[in-house]
Every structure is written in C-alpha cells, then in structure tokens.
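Remarks on the overall topology
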Amino acid sequence: ATDELGSTMKMAAAAMVRGLLIAWLLAQASGLVAREHETALQAPQPPQPSQPPQAPQPPAAPAPAPKADPTYAPAPTQMPMITRMLKPILGDRVAGMGQHQWWVVIRTAIGWTVLLYGIWMWTWWLPSLYFRMYDAFEKENIEGRTFKQYLTYHFNYWMASGGISAMFQLLVIGILTLLTLGAFIYAIMMQDSPVRGLWLCTVWASAASVDPAVTAMEGGVGMIATFGGLVLLAVLLTTISDFFAEQQRKSNEGRDPIVEGGHLVLLGLSSQTKQFLEELAICEANNAPKTVAILDTMPKSEIEEEIKRQNTKTGDLKIVCRNGLPSSAADLWKVGADVCSRIVILDEPSLPRDEADAITFGTLLTLRGQGNSGWPHGGHIAVQCCLGKNVTFMNDLYPGKTFVLSGERLGRLMVQSAQDQGLCPIFNAIIGFEGDEFYCSKASELGLAGKSFQEAPFWCEQTVPIGIRDSSGSYHINPEKSYKMKKDDEVILLAEDDDALVPLSKPMMDFEAWKMKFGSAKFEEADPNDNEVVRVLICNFTERGYGCAILFALDEMCGSGSECDIFCSLSEEDVMSIIKNAEEETERCLKNLKVRHIHTVPQHQMTSRHKINVLHLKEYHFHFVLADAALGFQKADEQTVAMIIQMKTLLQESSPDVKFEPLVEVCTPNATLQLELCGIKNTINTISMMSKAMALVAIDTLAHGVLSDLLSATGNNMDITFLQDYLGKQPLPTQITFVEVAAMVNRAAQQVVIGWSERNEEGEQVWVVNPKNKVRPRAWTAEDKIVVIKDV
C-alpha cells in the first residue's frame, strides 16, 4: 500500500509540475503572439535616402499645360502564387497579402509547431517515459539491481540495437532542446516573439556569429546559444561518440549485465538453437517470455552473427547475447539467471553424450548452490539429457526445479514409423505450438468430477482427454478406465486453444447404453508387427546418432534371428566399439538382433552409385537412412537426399515391383520437400522434434509430464491400428463418428484414441489429430486407420 501511495503521489506531482509549466508558458506566449501579429505582418518600409543640401534655385518658369491621360491602363501588380492558389478558397481575406506577409505566416506556423513539440517532449513524453520505465522496474521486482542499472541497460541496448537511427533520434532531441530553451529565454528576456527567438537561435547555433549592431541583451542570448551549439556539437562528435564506442565495445564483448525480469535464459549455442528460438517465437501463451538471454563461450558478436547466418526467424523475440561459462555463477548472474522465469539447457550434438551430460551436471550444481533456494528464484529449468540413465540423476541434482527430457525413445518411434507409415508426422503434430497442444483444466470446471476416465471422451466436444494430473502433481497418462476423477484432479487434454476447454450440459453419447446395445469386445491386433524375423539396413551410423537406439528398439520388437547391415564411413572396429559402449551404458545387450555386415565406405563416397550397389536393397524389410549431423545440416541433408535417389534408382532398375519406403532422418524442412518430390514421405527431423519438445517444457511444465511418459522407455507410446481390431464380432461400419470410434476403443482396450486417417482431395491418406466435429458421420473403409496412445 505504501509503494502504491508513493507511486500515486509521484505521478500527481509530475502532473502538477507539467500543468504549472504549460500554464506559465501559455501566459508568457499570449502577449508575445499579439505582438507578433501587430508588428511582424507589416511589410518593411525601405529607408528614404538622405537629400544633400540644394543650392538656391532661380524662380521656376510657368508650368506647361497638362498633357492628356494615356488611353491605355497601367500594367497590373503581380499577385504572389500562394495568394492566387488560396484566394478561391479563402476569398478576399488573402487578396491583399504580399510575399512578405506569407513568409511571416509560414515562419510563425513552423516556429510554433517546433516550439510546441519541444514543450510536449519535455513536459510529457520524456517524463512519461521515465515513469513507465520506473513502473516496469518496480513491477518486475528485479532483485540485486538498481533503477540506474536498469535505465543504463535499456539505454545501452537501445543504442546498440538502434544504430544510426538511435544516434539520429538523440541528435534531434538535443537540437530540439537547445532551440526550444533558447527561443523561450530570448522571448522572456527581450519581450519578443518566441518564433523570432527560435529563428535567431537556429542561426546563431549553426553559423556561430552575432551581429555587433544588436543590443547587449540580444547579443548575450546569442552568445549563449552559440556556446550551447558548440558544446552540443562537441559532445555529439567527441564525448558521446567515445562513450558510446566504449559501451558498444562492452556490449559487443558481452561484459555488461542484463537487467531484465521474467525472461528466458538459454545456456549454450548449439545446432538446436535455431529450431528452439523459432518455436518459441510462434508461442502465443500469455506467460510466454518475449526476451531470451543466450550465454555461450563464444564472443557476443559471433553468437549474434551465427544466429543471423542461420536465418533464424525470431519474430517479436528480443534476443540478448552474452559471453561466459554456463557453469560460472558470475556469468550466470550476468544474464539474470537469478531473476529469470525459465532456464533452458539444450543438448549439443557435436559433443560426446557423456561429455554433454557432464557439462549439464556442473551447470545444475552451480545453479543449485546460489543462495538459500538456488537460481532461478521463481522459475524452473528445462534440461535435455543425452543418456537415459542420467535422467533420474539430473532430477535428483536439483529437485523441484529441474525438468529433464531425453530423446532415447525416438529410436523406438523411428522403428514404429518404419512399420506403420505416418507415425512420425503424427507425433510431430502434437508437439510444438502449431496445431493442437497440451492443456489442463480442473475436473470440476469441466463437469467431470465423480465420473470415470472412461466417460471423459463423451463430455469433451472439442478436445481429447489423454490423462490426469492429480493433486500431488503426479501424471497419469492413459489411466485406468475405472479411475474416478476427483474435483481437485486436472484433466490433461489435446486442444487447439484454451477456448475449447468448456463443459457440456449433457454427453455426446450414452456410453453405457451403447455398450449394452453392441455388447462387449476385446482388442486383438491382426498385424502386430512384433516378434517377426526381419532384415534391416541402417545407413550413416555414427556414435552421436540414433543408430544404437534403433538397434535396441529392433531387438525388443523383432524375433530371434533378425539381422542388421550397417553402411557408414566408420571402420568395423569403431562400429562394434560404439555398440558395445552403448550396451554397457544402457546395461542391456542385443539378443534377438545380430549385426551381420558392416560396409565401410570413405565419407566422400557415401553417395557413390557403385558403393551403394554392393547392398542388396531388395532383401531388406526396413531401410533407415540417418543424418550425419557432424557434417553440418546442409551437407548432411545433401548427402541423405543423394543416397535416397541412388537407392531408389537402383531398386527401380533391378526390382521395379519392390516398394521402397525408407525411414529418413532429415535436418531441415528443405530436405523434407525434396524427398517428397522423390515420393518419400516417411521422414523425421529429430533435432526439430526435440527442440519443439524443449520449447513446450520451457513454457509450461505440463508438457514435461506428458512428454516424459511418451518419450521414456517404460511409458506409453503411440500406435497406428485398424478399427476392426476393436470390434470383436461387430461388423465394420461404413459410416461412423469420432465419438463412436472412442466408444469402440474404450470398450475393448486400455487405450486412448486421439485421431484417425482421412483422404484429401488428391485421394492421399492424411492424419487428423483431435477432429473438431466429433458427432459428424463420415465414410469408413477397411483401409482407414486410427491413432491411439497405449501402454508399451
């Protein structure tokens, strides 16, 4: 209350000062304007030349008779152009105005416009800006920083980001201040027009000369204005230039602290930074930060240059970069890690997994050791972990504030997508800020308190319920159908936006009545794709890629006797060493899958036709073409696309009847478009996918609970299935609604249906997550499929 009273009194005092100053200036100007009209509009009279004394003249002769007047009229006086233009509009009021009068009118209008703008600037704009900055500083409640530091930081940022524009604005403010102040000093002391004072101050400040014929008072004011102009020029050209040059050097080197509050701190510049920033830029959440501070060991100028080089679309984000170590408390304070709302630690794919996680350990310990509660004081930390075994350890290092994600499950997702075409695009559709997102709402607010989770889909018209967050903060994705939702439970839903979270007065379907009508059924998957003996090809196997994750996923899902060939630039000893090291790290070994051949090819020949031709492509059930990110995104994609083209051409020549549907890992959207032109649509961008997941967790920890389950080795996973697997003896319908599909899945299995397949105008199969009209019937065929979340 005291702070609010003080703020109110400050604003009232400022308003009083403004009012008194404006009233005084108007009172002074009222008489001066009258004087301007009385004297300035009078045309100057040319001085009469003095007549020399005349000698006495003799008497004049008689005047001759007057001559007759000429028969022609004298030439008319030339009327000024502006008078001719305005006379039809203003009439005879301007008919008698000459060139001098018009100049005085224009000079007066321009002069008063400049003077009023200067008065407005110093009595309203600058004080308002000052108080807005002060209110923002008080509102953000930035601990350990003074208001002077806050102003200095924002002024330096404005100067550094504005460049020439900022310098020009500062020059205009300085000149306007000098002329306005000088004009009113002249008008008050000389009791003359402020417009004349403005004109004289402009001449004096620019020409630096005073007419010696003027009065002493006028000359004094002129000398003061001249001196002020010289000082302003000197300050602009020397002192200010040197000052800002030093500030620019400090800012370029990243030595000055960031004075922000509620911002996001990104530790480290990695190959995922571009995707992360672009995803953050399209977030429309109310609590999304608009300032991102990046801390990296690179110099500040190089960080900014790298972001520009990658053509990062940052939108309205304010990006501030600093140089320093993520594990240094002083450098973390420099980016405001103590007062930020979120800290994000992304994985660096160029480093070995163990080394990347070790750096994260040190950073978490540094953050935890600051103060009594650690940094950030009121925020959380989103961490990307490289090795799944380190997830629990990272959570325990800084419990309560650390939310860790690992991409180890992406290997299984890639294998599933190779078996069921389309799973990767579906997973990509539910993460990120485009399309449907994860939301939560109290069960009581949705009218679901006391109801079972099995009933929930029929009370959600525009959303899909997928889980529960109970009062203790625990997440239950795909909970038991019999689970009774409590009023304090939060229902986790897939929705387009929060406007879709509205309760219904009655359910879209009476599930119990429907179940009694059609009877019971049990889920029986006709083609589970599990425990089959397969032969697989993995291309571009690297230590840092998802090759080992694919091997372990295949070992779990395939039958004994399955074989895998590897095509890469690593030697056989290196590949086997990588696999053995991965087995030791995960404490598991390959049982059902055997690495049969390792084809080692020099890096520059990976796309060579004769090298790829040694592979018997038609013998493989699944082809995995991975991206070698160590080459750089552009180079990796060029290599991947070239390999796909060669493989497809060789298969068409040798076995035109064999379908070629590889799972291809890409690094950029451009590669996805190129592969689509080649007829390859089953692609996955793992870097973009993890960047989107980290952006979701950075904004809302709800996404962490969902994605931790979907990306972990022991949680739920997504699957594409046929509807007939849930019908039992019930015949496959030809017309169906999404509500009926939800009823069939709820009746037969411990699964949650989230979408289905449709056909576009070209007849191609597309996937729709969370259909918005769940009671509208559509045609259904045996080729159509549904998307479900189910327990592993």
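What follows deals with the overall build of the protein. Scanning the protein from terminus to terminus reveals 23 helices and 22 strands. Residues classed as buried in the protein amount to 47% of the 792 residues present.

Moving on to empty space enclosed by the protein. The full count for this structure, using the stated rule, is four cavities of 30 Å³ or more. One number sums up the size of the largest cavity: a volume of about 140 Å³. For the largest cavity, the lining is made up of 18 residues, of which P457, V464, P465, A742 and V753 are closest to its centre. Of all the secondary-structure elements, those providing two or more residues to the lining of the largest cavity are β8 (464–469), α23 (738–748) and β19 (751–759). Considering each element in turn, the lining of the largest cavity owes the most residues, four residues, to α23. Split into classes, the residues belonging to the lining of the largest cavity amount to 12 nonpolar, four polar and two charged.

Here we come to unusual backbone geometry. In this structure, P376 follows W375 across a cis peptide bond, with omega equal to -10 degrees. Take P376: it is sitting in the loop between α11 (353–368) and β5 (380–385). With a phi angle near 55 degrees, N478 is a residue other than glycine that sits in the positive phi range. Along the polypeptide, N478 turns up in the loop between β9 (475–477) and β10 (490–495). Residue classification places N478 among the buried positions, given a relative accessible area of 7%. Although it is not a glycine, N770 adopts a positive phi angle of roughly 55 degrees. Locating N770 in the fold gives a position in the loop between β20 (765–769) and β21 (778–779). The buried category is assigned to N770, whose relative accessible area is 0%.

Next up on the list: the pattern of salt bridges. All told, the structure shown has 22 salt bridges when counted by the stated rule. Residue R535 is joined to E563 by a salt bridge in which the shortest nitrogen-to-oxygen separation is 2.9 Å. Note that R535 is positioned in strand β11 (residues 535–539) and E563 in strand β12 (residues 562–568), a separation of 28 residues in sequence. Each of the salt bridges in this network shares a partner with another, and the network as a whole consists of R535, E563, D565, R596 and E619.

Along the chain, the position of A429 falls in helix α14 (residues 423–430). The class of A429 is partly exposed, set by a relative accessible area of 34%. C-alpha separation for the pair A429 and W767, spaced 338 residues apart in sequence, amounts to 9.4 Å. Excluding its chain neighbours within four sequence positions, the residues that come into contact with A429 are E434 and D436.

Space inside the second largest pocket adds up to approximately 1,100 Å³. The wall of the second largest pocket is formed by 41 residues, among which Q419, D420, Q421, G422 and I720 lie closest to the centre. Breaking the lining of the second largest pocket down by element, the ones donating at least two residues are α13 (410–419), α14, α16 (547–557), β17 (716–722), β20 and β22 (785–791). Among the elements that take part in the lining of the second largest pocket, β17 stands out by supplying five residues, more than any other. Taken together, the residues that form the lining of the second largest pocket break down as 14 nonpolar, 12 polar and 15 charged.

On to helix α22 (residues 702–711). Because each turn of an α-helix spans 3.6 residues, side chains separated by three or four positions in sequence point in the same direction. Extensive coverage of α22 is indicated by the burial of nine of its 10 residues. Along α22, the residues that are buried comprise L702, A703, H704, G705, V706, L707, D709, L710 and L711.

Attention now goes to the confidence of the model for the protein. This prediction gives the protein a mean pLDDT of 84; 82% of its residues lie at or above 70. Scored below 50 in pLDDT, residues 40–44 makes 12 contacts in the model with residues more than four places away or belonging to other chains. Contacts from residues 67–76, a stretch scored under 50 in pLDDT, to residues over four places away or in other chains number zero contacts.

The interhelical angle for the contact between α13 and α16, taken along N-to-C directions, is 60 degrees, at an axis separation of 7 Å. Between α13 and α16, the crossing angle belongs to the class labelled oblique. When you trace α13 past α16, the crossing you get is right-handed. Contacts from G411, R412, M414, V415, Q416 and Q419 of α13 reach α16 at A549, I550, A553, L554, E556 and M557. The residue inventory of the contact of α13 with α16, partitioned by class, reads seven nonpolar, three polar and two charged.

The subject of this paragraph is the nonpolar core. When a protein is soluble and globular, its nonpolar side chains tend to lie buried together. In terms of nonpolar packing, the biggest core is built from 127 residues, with F276, F541, F624, L707 and I786 touching the most fellow members. Those residues in contact with I786 that sit more than four places away from it in its chain are D719, I720, T721, L723, Y726, V741, V745, V753, G755, W756 and W780. Membership of the second largest hydrophobic core comes to 32 residues, among which are Y150, V335, V383 and V391.

To summarise the sheet geometry, strands pair through backbone hydrogen bonds and adopt either a parallel or an antiparallel arrangement. Reading across the sheet, the four strands line up as β17-β22-β19-β20 and stay open at both edges, with antiparallel pairing between neighbours. Pairing within the sheet leaves two strands with one partner each, and these edge strands are β17 and β20. In this sheet, neighbouring strand axes are inclined to one another by 30 degrees on average, regardless of whether the strands run parallel or antiparallel. Note that β17 and β22 share seven bridges and pair antiparallel. Counted as the bridge partner of T721 is I786 from β22. Contacting β17, β20 and β22, α14 crosses the sheet at an angle of about 130 degrees to β17.

Rules used in this analysis
- Residues numbered from 1 in each chain as written.
- Predicted model: local features only at pLDDT ≥ 70, side-chain atom pairs only at ≥ 80, totals over all residues.
- Heavy atoms only, no water.
- Helix = DSSP H or I, 4+ residues; strand = E, 2+ residues; numbered from the N terminus.
- Buried < 20%, exposed > 50% of the residue type's maximum accessible area, 1.4 Å probe, protein only.
- 1 Å grid on protein atoms, 1.4 Å probe; cavity = no way out; pocket = protein on both sides within 12 Å on 5 of 7 lines; lining within 4 Å.
- Points joined across faces, edges and corners; volume = space filled by probe spheres on them.
- Nonpolar A, V, L, I, M, F, W, Y, C, P; charged D, E, K, R; others polar.
- Salt bridge = Lys/Arg side-chain N within 4 Å of Asp/Glu carboxyl O.
- Contact = heavy atoms within 4.5 Å.
- pLDDT = per-residue confidence, 0-100.
- Axes fitted to C-alpha atoms, helices over the stretch in contact; angles between N-to-C directions.
- Parallel < 35°, antiparallel > 145°, perpendicular 65-115°, else oblique.
- Left-handed = near helix turned anticlockwise from the far one by under 90°.
- Core = buried A, V, L, I, M, F, W, Y, C linked by side-chain atoms within 4.5 Å.
- Pairing = 2+ DSSP bridges.

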